[in-house]
Amino acid sequence: MDKIKKLILFRIPMSICNFRCHYCYLAQRDEHYQGIQPEMKFTPEQVRKAMSKERLGGPAYMNFCADGETLLVTNLDQYVKELVEEGHYAEIVSNMTINPMLDKILAWDRALLSHIEFKCSFHYLELKKKNLLNRFAENVNRAWEAGASVNIEVTPSDELIPYIDELKSFSMEHFGALPHLTIARDDRTAGIDYLTNLSIEEYDKVWSQFDSGFWKFKKSIFGIHQGDYCYAGLWSMYIDLTTGEALPCYCGHLLHNAFEHPEKPLDWCPVGKCPIAHCYNGHALLTLGTIPGATEVRYGDIRDRERADGTHWLQPELKAFFNTKLEESNETISNGKKLEYKLKNAWLAGCTIPSRAVAKVKRTMNKKE
Ligand code: SF4
Ligand code: SF4
């Protein structure tokens, strides 16, 4: 059985989307919904070579998420295919309405699809408004029947509350179970708060009816700073798929370019002390084990649902892989090594500060011109 060796999050700075969800984090940014396809500096073959199992030390969980709709990224299928053929496991975040790209992926062999999970974002109000509910359901079921895993996830929002009953009926009818829930967050706040006007008591009362283990785990870590030593940066990377620039996770210092010089070892460096308020994507980072011992909860378990007929949203091989932890297949490091990495982090901070300062000066100069 494959065990996770590394956790790789691919960021794709492409903000095209066919939806306009009111809670979208993209709408909170200045560059929202630009119709620009990113320039990919490395080919799918080059990315595969840079992310080979040999270079990573074994199979990785890889998450593909664009700023906009992931399946609208030109050639996304070619990148995912190369990496899955290499033996990695892919999670693709999608609103599941982009048939041309989906058709290409679902035409692959079952063996390849058994390494793929679609994180199907169930944007009920947008789907209803655009009359695409049936297309969403058909695509989710097509993906599962082709051999891929699926996970249906709703973003709880105050506006969705009047529609909860019909959403639940639709889910039971088409997906055999209730959807999981994520937590809508307000990235504009310093504490990365809940995006709701309800009190926390009201919020819990409304959304607990979905009995989502995924949501329960997210709530259990929401707002809690992770104080133990974090191996993000040594066991994980957050890589810009278009350039190869790598961070340890959603925070930490710029490491190096992960796609350049695939003949050399990757230059890892753990974060150690988490610098942000809370690990808001800890549903994956923590359950997959970036902080040893942080939780007994396993990623496959909280992504899955069992239908009334006994079948599961996650296919067995992928679920077993998602239920392994980084701490089980990587060695922890000594205090001496931690000190060494602390100095390296300080050095990396020193390296990035001047370039940010230069960028700031350039921006100021441009404004004056
Ligand atoms: S589908 Fe995703 S990217 Fe598009 S508007 Fe909705 S939340 Fe934003
Ligand atoms: S706790 Fe989470 S956000 Fe913080 S460094 Fe670790 S993985 Fe990154």
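Residues numbered from 1 in each chain as written. Chains lettered and ligands numbered in written order. Predicted model: local features only at pLDDT ≥ 70, side-chain atom pairs only at ≥ 80, totals over all residues. Heavy atoms only, no water.

Draft legend 1. Spatial organisation of the overall build of the protein chain. Per the secondary structure count, the protein chain includes 15 helices and 11 strands. Here the C-alpha atoms of the protein chain give a radius of gyration of 20 Å, agreeing with the 21 Å that 2.2 N^0.38 yields for 369 residues. Of all 369 residues assigned to the protein chain, the portion counted as buried reaches 55%. Restricting the contact set of the protein chain to residue pairs at least 6 apart, pairs at least 24 apart contribute 76%. In the protein chain, 45 positive and 49 negative side-chain charges are present, and the distance between their average locations comes to 5 Å. (Helix = DSSP H or I, 4+ residues; strand = E, 2+ residues; numbered from the N terminus. Rg over C-alpha atoms; globule rule 2.2 N^0.38 Å. Buried < 20%, exposed > 50% of the residue type's maximum accessible area, 1.4 Å probe, protein only. Contact = heavy atoms within 4.5 Å. Lys, Arg positive; Asp, Glu negative; His and termini not counted. Charge placed at Lys NZ, Arg CZ, Asp CG, Glu CD.)

Draft legend 2. Quick look at the pattern of salt bridges. Counted according to the given criterion, the structure contains 20 salt bridges. Where Lys216 meets Asp211, a salt bridge forms, and the shortest distance between an N and an O atom there is 2.6 Å. Residue classification places Asp211 among the partly exposed positions, given a relative accessible area of 46%. The closest approach of N and O atoms between Glu328 and Arg298, which form a salt bridge, is 2.9 Å. Within this pair, whereas Glu328 is found in helix 14 (residues 326-329), its partner Arg298 is found in the loop between helix 11 (282-285) and helix 12 (299-303), the two being separated by 30 residues in sequence. Given the relative accessible area of 39%, Glu328 is considered partly exposed. (Salt bridge = Lys/Arg side-chain N within 4 Å of Asp/Glu carboxyl O.)

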